[in-house]
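Structural overview for review
Listed below are the residues making up each chain.
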Protein chains: 2
Amino acid sequence: MKLSTRGQYALHAMVFLAQKAQEGPQPLRTIAEAGLPEQYLEQLLGALRRGGLVTTIRGAAGGYQIARPLEEITVASILESTEGPLNLSECATDQACCPKSSACITRDVWLYLTDNINSLLQGITLQDVLHNKPYGVKEHQSYEPRLS
Amino acid sequence: MKLSTRGQYALHAMVFLAQKAQEGPQPLRTIAEAGLPEQYLEQLLGALRRGGLVTTIRGAAGGYQIARPLEEITVASILESTEGPLNLSECATDQACCPKSSACITRDVWLYLTDNINSLLQGITLQDVLHNKPYGVKEHQSYEPRLS
DNA sequence: CGGAAATCCGACGAAAACGATCGGGATTGG
DNA sequence: CCAATCCCGATCGTTTTCGTCGGATTTCCG
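Some remarks on the overall build of chain A
A count of helical and extended segments in chain A gives seven helices and two strands. In chain A, the succession of helices and strands from N to C terminus is α-α-α-β-β-α-α-α-α. Put simply, chain A has 148 residues, and 50% of those count as buried. Per element, the accessible surface of chain A, about 7400 Å² overall, is 47% carbon and sulfur.

A short note on the protein's contact with DNA strand D
Neighbouring DNA strand D are 27 residues; Leu28, Glu42, Arg49 and Thr56 of chain A together with Gln43 of chain B lie closest to it. The contact atoms of DNA strand D, taken as those within 4 Å of the protein, divide so that sugar and phosphate hold 66%. In the environment of DNA strand D, a base nitrogen lies 3.3 Å from a nitrogen or oxygen atom belonging to the backbone of Ala60 of chain A. Between DNA strand D and Gly59 of chain B there is a distance of 3.4 Å, counted from a base oxygen to a backbone nitrogen or oxygen. Within the residue set of the surface near DNA strand D, elements represented by two or more residues are helix H3 (38–50), strand S1 (54–57) and strand S2 (63–66) of chain A together with helix H1 (5–19) and helix H3 (38–50) of chain B. Broken down by element, the residue count for the surface near DNA strand D peaks at four residues, all from H3 of chain A. Taken together, the residues of the surface near DNA strand D sort by class into ten nonpolar, eleven polar and six charged.

Description of the pairing of S1 of chain A
Residue and element names in this part refer to chain A. With four bridges connecting them, S1 and S2 associate as antiparallel partners. If you follow Val54 over to S2, its bridge partner there is Ile66. Once S1 ends, the chain turns through five residues before running back antiparallel as S2, passing Gly59 with a positive phi of about 85°.

So, the pattern of salt bridges
Residue and element names in this part refer to chain B. What the rule picks out here adds up to four salt bridges over all chains. We note a salt bridge from Glu38 to Arg29, for which the minimum N-O separation is 3.2 Å. Judged by its relative accessible area of 30%, Glu38 falls in the partly exposed class. A salt bridge links Glu72 to Arg68, with the nearest nitrogen and oxygen atoms 3.4 Å apart.

A few points about the packing of aromatic side chains
Residues and elements named next belong to chain A. Following the criterion strictly, the structure yields two aromatic pairs over all chains and no others. Ring geometry for Tyr9 versus Tyr40: centroids 5.9 Å apart, planes at 85°, classification edge-to-face. Highlighted residues: Tyr9 in helix H1 (residues 5–19) and Tyr40 in helix H3, separated in sequence by 31 residues. On the basis of relative accessible area, Tyr9 is assigned to the partly exposed category, the value being 21%. Tyr40 sits in the partly exposed class, given a relative accessible area of 27%.

Conventions and cut-offs
- Residues numbered from 1 in each chain as written.
- Chains lettered and ligands numbered in written order.
- Predicted model: local features only at pLDDT ≥ 70, side-chain atom pairs only at ≥ 80, totals over all residues.
- Heavy atoms only, no water.
- Helix = DSSP H or I, 4+ residues; strand = E, 2+ residues; numbered from the N terminus.
- Buried < 20%, exposed > 50% of the residue type's maximum accessible area, 1.4 Å probe, protein only.
- Areas by Shrake-Rupley, 256 points an atom, 1.4 Å probe, with all protein chains shown as cover.
- Near = heavy atom within 4 Å.
- Polar contact = N/O pair within 3.5 Å; in protein donor to acceptor, adjacent residues only side chain to side chain.
- Nonpolar A, V, L, I, M, F, W, Y, C, P; charged D, E, K, R; others polar.
- Pairing = 2+ DSSP bridges.
- Salt bridge = Lys/Arg side-chain N within 4 Å of Asp/Glu carboxyl O.
- Phe/Tyr/Trp six-rings, centres within 6.5 Å; stacked < 30°, edge-to-face > 60°.

Written as structure tokens, this is what we have:
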């Protein structure tokens, strides 16, 4: 189980933009200076814009800016914008999984994990990351198997 | 962020073997009957054996069996055997990450997530899955940023 | 002993995903 | 106008994933 570099780069870029939030739009060039491939990063910022997390200003002296208050931007939303939704198993999203297995009890496991990982990711905001605070300490969602 | 089918198939197979734990060794053929690709599954069972989760009996009337008590086999160990360790970001395992970024504060995020997801996965045993019990409801590990 | 049932294992191959790179178009400040 | 900058679709090499294949080995059973 791993994440692609898209998510890593995206989080990195968002943290950078958050730090420079008061300094006007940051051009791609500047964001990539930490060592990220510039043209690749451009794609990711496009995804983040479409996800409503950054705004852009085109033309000379343009660049990228954080679109919303830092406490509203979660790691979950960053990863979802750049990597798509968390999908541990088709079994968890699609209905007709496990063709011949009458009682697919593994499905409950995937659903439980999906819920809890999402809740973990939603518990971390850019604000938290910047302030180096201990992250959200909600409890695990209690789990009751769905009757289906 | 997704899991490969290896993990899905492996969990499915392990649940099946757990259900048949009292009935002697189950041949590959039988395990695959639910619709899994037989020869592919064979590789996965090899990995599970190397991980110490199943034992095999070779030769005619042979097959696969659960190797340990159900409450000792966690979803974490199944996924680790078949997919390798959870690795959200090289940044989390390797040291020299983020080449030019002096203070890589994203690293703390990956470490935190890795710890908590692992703890989620370790909280579910085959026993729990079979009995359809609410899974482990430990709290999130409290997190204090490492000073590095 | 011989054959059938089964696991074991390495190699191969098609398809998808990943990690970029490229080239050109559109927008805007100076 | 021109330079800086974002926008966007296409392409491309590499790696990973998802299997398949063929053969070797082990063991039961008659």
